[in-house]
Amino acid sequence: MASSSSGLGDSSLKDRSSASGVVSPEEPLRNWLELPREVTASIFSRLVATEILKTIQFVCRSWFDICKDPLVWRKINMYNLGEAGLNMVLDRMCRHAVNRSRGNLVDINIEYFGNDDLLKYITDSCDQIKRLRLACCYYVSDEGLIEAIAKLPLLEELDLTLCSFSPEPIEAAGRYCPRLRSLKLNCQAYRPWHRDPDEELEINEEPISIAKHMPELRHLQLLGNPMTNIGLEAILDGCRHLESLDLRQCLSIDLKGKLGKRCMEQIKYMRLPHESTKGFEFRIEPDADDYPYNLSDDCYDDFDGDWHSCCFRDGDFVFDEYLDGEFDDYSDYGSGDGSFDYDYFTVPDDF
C-alpha cells in the first residue's frame, strides 16, 4: 500500500540524478493509510460501488470502517457487464449500498439491471437524490419510474438512456420535480423509410411532453430521438430557458431556413443531428440498412448561420455536475467466473 511519491522507479531516479550531476536522496515512501479519513472517504466515493463492497473494504480494518461512512455512499455507481445471473446479486448489493448511505444518497447511476422493486427501495430510503440515471434498465416500468419520481422533489438531473418509457414519466417529472434542470432522454436512432402523416404527432409525443411539462429546463439531450421539426419547434416554444440542446442522430430534423436560424439565436450551445457521437458510451447510430440514402453535411449546406460559434467542439454533452469528480471507468469488477457470494462481501468474519 505504499508507493514512491515521484512515480519513478529506482533506475529512473539514478539516471536522472547522474544526468544532472547531483545525487538526490530517495523520496520517502508514502503510507496511504495515513491520509485524513475524510480524504479517503472522498476517494472511495468515486469508485464503483461493487469495487468497494467486493475489494476495497477488506484491505484493512481502517478502510473497512471508512467504507461504512455514509459520506462514501452519497454517490452510487453500479452496472452489470453482461452476466444475467448477477442481476439478483447486484440488486442485493445496491440495497446494501443504499442502506450504508443512511439517506444521504444524492447521485445514483444504474445500468443493465434493476426493476421497480429496487427503484422503490432506493427512493423510499433516500429522498435527497439530485441525480438519477437509468441506462438499459429494461425491467423498470412506467409505473415504477413514476412512483419513484414522485418521491424525489430535489431531483435536478434525470437521465434515461436506452430505456423503454412512454412520455408519462416526463409529465410526472415536470409535476413532482420543480428543481429539474437537466434531462437526458437518449434512444436508438433510426430513419423511417416511409412516414404516415397521421403518425407525426405520435412520433413527437416526447418532445411535446417535455415542452409542456418542463418549461424550466436548462439542458436537454435527445440523442437518436425520431422527432421531426414539429417536436423541435414545440421545445423552442415551451422551454424558453434552454441553454444547451443535443440533437445528435435526430435524423428527421431539418435545420434549413428559419428553424435553424431560430435555434442559433435561442440556444447557446447546440449539437447538430449529423455531428459525431464519438465519446458517447453507447452506440446509438442506426444500422446502414435503416438509411434510405447517405446522410451527409450536404443536408445542411443551405443553412446560413455560423454554427461554429455556438456548437460544442469535443467530448460529451456538458451538463451541470452536483458532486466533484466523475465516475471512474472500470472494465471489470467480477471474479474469474463472473459469480460470487454477496454475503462474503458484507459479513467479514474474523476481520
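Remember, it's a predicted structure, so these values are computed and weren't measured experimentally.

Enquirer: Before we go on, may I ask you to explain a negative patch on the surface in this structure?
Expert: Negative charge collects at one region of the surface, where Asp196, Asp198, Glu199, Glu202 and Glu205 lie side by side. In this structure, Asp198 sits in the loop between strand E7 (182-186) and helix H9 (200-203). Relative accessible area serves as the criterion here: at 70%, Asp198 is assigned to the exposed category.

Enquirer: Looking at this model, I keep getting lost on the pattern of salt bridges. Mind explaining?
Expert: Counted by the stated rule, this structure contains 15 salt bridges. Between Arg61 and Asp65 there is a salt bridge; the shortest N-O distance is 3.6 Å. With Arg61 and Asp65 both in helix H4 (residues 61-66) and four residues apart, the pair spans about one turn of that helix. When the shortest N-O distance is used, the salt bridge between Arg131 and Glu157 registers 3.6 Å. Pair noted here: Arg131 is in strand E5 (residues 131-135) and Glu157 is in strand E6 (residues 157-161), with a separation of 26 residues, a long-range link. Across the pair, Glu157 and Arg131 agree in class, each one buried. Taken together, the salt bridges that share partners define one network made up of Glu111, Arg133, Asp159 and Glu281.

Enquirer: Just checking my understanding: could you explain the pairing of E7 for this structure?
Expert: The two faces of the sheet receive side chains in turn, since in a regular strand these alternate between them. Burial within E7 is extensive, with five of its five residues counted as buried. Across the two faces of E7 the burial is the same, with Ser182, Lys184 and Asn186 and Leu183 and Leu185 all buried. Here E6 pairs with E7 via five bridges, running parallel. Residue pairing in the sheet places Asp159 in a bridge with Lys184 of E7. Viewed along the sheet, the connection from E6 through helix H8 (residues 168-176) into E7 turns out right-handed. In the sheet, E7 pairs with strand E8 (residues 219-221) via three bridges, with the strands oriented parallel.

Enquirer: Before we go on, may I ask you to explain the confidence of the model for the chain in this structure?
Expert: As a general rule, the predicted coordinates of low-pLDDT regions are not to be interpreted in detail. Per-residue confidence for the chain gives a mean pLDDT of 79, with 73% of residues at or over 70. Ignoring residues within four places in sequence, the model shows residues 291-345, a span with pLDDT below 50, making 130 contacts including any to other chains.

Enquirer: Help me understand the packing of aromatic side chains in this model?
Expert: Applying the stated rule across the entire model yields four aromatic pairs. With 5.1 Å between their ring centres and 75 degrees between their planes, Phe44 and Trp63 make a pair best called edge-to-face. Of this pair, Phe44 sits in helix H2 (residues 37-44) while Trp63 is found in helix H4, placing the two residues 19 residues apart along the sequence. You can call Trp63 buried: its relative accessible area is 10%. Each ring, one from Tyr112 and one from Phe282, has its centre 6.2 Å from the other, and the planes form 55 degrees; the classification is tilted. Here Tyr112, found in the loop between strand E4 (107-111) and helix H6 (116-125), pairs with Phe282, found in the segment after strand E10 (269-271); they are 170 residues apart in sequence, far enough to count as distant. Of the aromatic side chains, those joined through ring pairs into one cluster are Tyr112, Phe280 and Phe282.

What counts, and where the lines are drawn
Residues numbered from 1 in each chain as written. Predicted model: local features only at pLDDT ≥ 70, side-chain atom pairs only at ≥ 80, totals over all residues. Heavy atoms only, no water. Patch = residues over 30% accessible without salt bridge, like charges linked within 9 Å, V, L, I, M, F, W, Y side chains within 5 Å. Areas by Shrake-Rupley, 256 points an atom, 1.4 Å probe, with all protein chains shown as cover. Salt bridge = Lys/Arg side-chain N within 4 Å of Asp/Glu carboxyl O. Lys, Arg positive; Asp, Glu negative; His and termini not counted. Charge placed at Lys NZ, Arg CZ, Asp CG, Glu CD. Helix = DSSP H or I, 4+ residues; strand = E, 2+ residues; numbered from the N terminus. Buried < 20%, exposed > 50% of the residue type's maximum accessible area, 1.4 Å probe, protein only. Pairing = 2+ DSSP bridges. Right-handed = clockwise from strand over helix to strand, strands pointing away. pLDDT = per-residue confidence, 0-100. Contact = heavy atoms within 4.5 Å. Phe/Tyr/Trp six-rings, centres within 6.5 Å; stacked < 30°, edge-to-face > 60°.

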